[in-house]
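# Structural overview for review
Below, each chain spelled out in residue letters.
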Amino acid sequence: LQISYLNPLQLTVKELLAWHSRLPEILAVASDDGASVRLFDARTGGEASKNSSSSNSSSSSFVALLTPPSPAPRCAAISLAWCPGKKSENLIAVGSDADFVSFFDASSGKLLALLPPPSPGVEVNEAVFSSDGTVFARAVGTHGAVELFSVEELLEKAGGGGGSSSEKGGAPPPSSASDWKGFRCPVKPFATLHGHTSTVFALSTVQQRRAQQEEQE
């Protein structure tokens, strides 16, 4: 869910909400305070925390705050998506108005991969995972293009060393302004969808809830 409204200072404020793909009580909330993402337990109203006193609470399996790296001193989150599927269910993608998408392991807080825009100045407006968690899609540019990536390849090649989140320490972000400017992702989209002639602002996939429930049972 994305809500946009205009405040009296004529500044556009975006707030994003995304429920965990399997755990109905875990809610991710992003705002324009540096593109940070906070994880909440909807049953208690408190932030998710590994320091939770309740060992039975699923929120004790998550960190409370995720902060994507950014080339700008202050940026806003404009997209937020959990990855479905058992293997990557704690993978969350956070897109910012700096046009970078950060992939985190929400259970550890590690930055797993960093996906820059196709080229400097090309905006990235929306992002979503496929219902089986194997494909990541992002809407780019002002001419209606949607790029499709293999999630496995993103985590292996854009994660600063390869391997899964459990095997490697995560992706090191650029450390200087010049590094940010020259940062390029080694992963290319396996397909690019064209059809719209203007900016794409929303992407959605069919949720396979019944199949997921049957798999869990």
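Now for a description of the structure that goes with this document. (Residues numbered from 1 in each chain as written. Predicted model: local features only at pLDDT ≥ 70, side-chain atom pairs only at ≥ 80, totals over all residues. Heavy atoms only, no water.)

Bringing the environment of Val29 into the picture now. Among the secondary structure elements, Val29 is positioned in strand β3 (residues 26-30). Those residues in contact with Val29 that lie beyond four places of it in its chain are Leu16, Leu17, Ser36, Val37, Arg38, Phe40 and Leu80. (Helix = DSSP H or I, 4+ residues; strand = E, 2+ residues; numbered from the N terminus. Contact = heavy atoms within 4.5 Å.)

What follows is about unusual backbone geometry. Positive phi is not limited to glycine here, since Asp99 has a value of about 75 degrees. With respect to the helices and strands, Asp99 occurs in the loop between β8 (91-96) and β9 (101-105).

Across the sheet, which stays open at both edges, the 4 strands sit in the order β7-β8-β9-β10 with antiparallel pairing between neighbours. Looking along the sheet, the strands with just one partner apiece sit at the ends: β7 (77-82) and β10 (110-115). Across the sheet, the axes of successive neighbouring strands diverge by a mean angle of 20 degrees, strand direction being ignored. Across 5 bridges, the pairing between β8 and β9 is antiparallel. (Pairing = 2+ DSSP bridges. Axes fitted to C-alpha atoms, helices over the stretch in contact; angles between N-to-C directions.)

Below, the discussion takes up the pattern of salt bridges. All told, the structure shown has 6 salt bridges when counted by the stated rule. In this structure, Arg38 and Glu47 form a salt bridge, with 3.0 Å as the shortest nitrogen-oxygen distance. Across the pair Arg138 and Glu147 runs a salt bridge, and its minimum N-O distance is 2.8 Å. Taken individually, Arg138 and Glu147 each receive the classification buried, so the pair is uniform in this respect. Taken together, the salt bridges that share partners define one network made up of Glu25, Asp41 and Arg43. (Salt bridge = Lys/Arg side-chain N within 4 Å of Asp/Glu carboxyl O. Buried < 20%, exposed > 50% of the residue type's maximum accessible area, 1.4 Å probe, protein only.)

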